[in-house]
Amino acid sequence: MAVLECKNLYKSYKSGKYVLADMSFSVPSGKIVGLLGPNGCGKSTLIKTVAGLLVPTKGEVFVDGIPVGESTKSLVSYLPERTYFNSWMHVDELVSYFADFYADFDKERAYQLLFDLSIDTKARLSTLSKGTKEKVQLILVMSRRARLYLLDEPIAGVDPAAREYILGTIVSNYDPSSTIMITTHLISDVEQVLDEFMFLGYGGQIVMAGGTDDVRAETGKSLDALFREVYRC
C-alpha cells in the first residue's frame, strides 16, 4: 500500500485559478522524495493539503490508505517553511510540548540530536539564530515516529557546514517503512539523499518524475543539472 496517494487532485483559491490541477501520483514506503519546482508552482500548497491544513477543491488524498482528515493527523509529521514556535519558550519546553502532544514523539532521540548539533536546551528561542531555530524545529519534527514526513524547505536557513549532518540525520533517523517528502531550492545539497523526484510546473501539474539514480544513469546529469535544463528561462 502506498504511504501517500493523490487522485485527480485540484486546489484553487478565491481567484478560481487552479494552483494544483488533476494531480495523480503515489509514493510507496521507504522512499525520500524531492518535490521540486520554481516559486509559485504549488509545492507548499500540495504539502499543506497532504498535511490536512488545506481542503482539496476536487480529488482525493490518502495517507496509509486513509482519506486525509482528522484521523491522519497522527500519521503525518509536518515541517512548515517558517518557524511557528513562540519565541519566549525554551528548547526544553518545546521538547516537553511535543512529548505531551504527540504519542509517537521520541524524547531521547530529540535530545541526542540537539546534543549532536550543540544546541543549548536551556536557551530561550528568541536568543537563537534563524538557522538554529530551524534546526530545532526540524529535530522536533523528525523525532516523531510518523508514517509520512512533510518537510517544506528544511535546510533553507541552515549554514552549509551543518547541512550534510542534517541530511544524514534525516536519512538515518527515520523508520524505513515511512516516507519523506522534501521541498527545497537547494537541489545540489539534497539530491544525495533523494530516492525519487517530482518536478512541478506552473499550473500545478507534474511535468517530470522518476528515480534520481535513473536520471544519472540515463542522462548522465545530476538532478540539479536536469532541473536547470527543464526550468531554463
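Structure's up top.
Quick look at the structure, then.

Cut-offs applied
- Residues numbered from 1 in each chain as written.
- Predicted model: local features only at pLDDT ≥ 70, side-chain atom pairs only at ≥ 80, totals over all residues.
- Heavy atoms only, no water.
- Pairing = 2+ DSSP bridges.
- Helix = DSSP H or I, 4+ residues; strand = E, 2+ residues; numbered from the N terminus.
- Axes fitted to C-alpha atoms, helices over the stretch in contact; angles between N-to-C directions.
- 1 Å grid on protein atoms, 1.4 Å probe; cavity = no way out; pocket = protein on both sides within 12 Å on 5 of 7 lines; lining within 4 Å.
- Points joined across faces, edges and corners; volume = space filled by probe spheres on them.
- Nonpolar A, V, L, I, M, F, W, Y, C, P; charged D, E, K, R; others polar.
- Phe/Tyr/Trp six-rings, centres within 6.5 Å; stacked < 30°, edge-to-face > 60°.
- Buried < 20%, exposed > 50% of the residue type's maximum accessible area, 1.4 Å probe, protein only.
- Lys NZ or Arg CZ within 6 Å of the ring centre and 35° of its normal.

Digging into the sheet that holds strand β8 (residues 179-183)
1) Next: The strand order β6-β7-β8-β3-β9-β10 describes an open sheet built from 6 strands, whose pairing is mixed. Edge positions in the sheet fall to β6 (76-79) and β10 (205-211), since each has one partner strand and no second. This sheet shows a mean twist of 15° between the axes of neighbouring strands, independent of strand direction.
2) Next: Pairing of strand β3 (residues 32-36) with β8, which is carried by 4 bridges, proceeds in the parallel orientation. Bridge assignment links Gly34 to a residue of β8, and that residue is Ile182.

Some thoughts on the layout of surface pockets
Gaps between atoms show up when a probe of the same size as a water molecule is rolled over them.
1) Next: By volume, the largest pocket is sized at about 300 Å³.
2) Next: Along the walls of the largest pocket sit 15 residues, with Lys73, Val76, Tyr78, Tyr102 and Arg144 positioned nearest its centre.
3) Next: At the level of elements, β6 and α2 (91-101) are the ones that each hand at least two residues to the lining of the largest pocket.
4) Next: The leading source of residues in the lining of the largest pocket is β6, at 3 residues.
5) Next: Partitioning the lining of the largest pocket into residue classes produces 10 nonpolar, 3 polar and 2 charged.

Let's talk about the packing of aromatic side chains
1) Next: This structure, assessed with the given rule, holds 11 aromatic pairs.
2) Next: The interplanar angle of 50° and the centroid separation of 5.3 Å between the aromatic rings of Phe98 and Tyr102 together place this pair among those described as tilted.
3) Next: For the ring pair Phe101 and Tyr102, a centre distance of 5.0 Å and an interplane angle of 80° mean the geometry is edge-to-face.
4) Next: Owing to a relative accessible area of 56%, Phe101 belongs among the exposed residues under this scheme.
5) Next: Here the aromatic residues Phe85, Tyr97, Phe98, Phe101, Tyr102 and Phe105 are joined through ring pairs into a cluster of three or more.
6) Next: Here Lys58 stacks its cationic end above the ring of Tyr10, 4.3 Å away from the centre of that ring.

Focus on empty space enclosed by the protein
1) Next: For the structure shown, the criterion picks out 2 cavities of 30 Å³ or more.
2) Next: In this structure, the second largest cavity occupies an estimated 40 Å³ of space.
3) Next: In terms of lining residues, the second largest cavity is bounded by Leu79, Pro80, Glu81, Thr83, Glu134, Gln137, Asp152, Glu153 and Pro154.
4) Next: Of the residues assigned to the lining of the second largest cavity, the class counts are 3 nonpolar, 2 polar and 4 charged.

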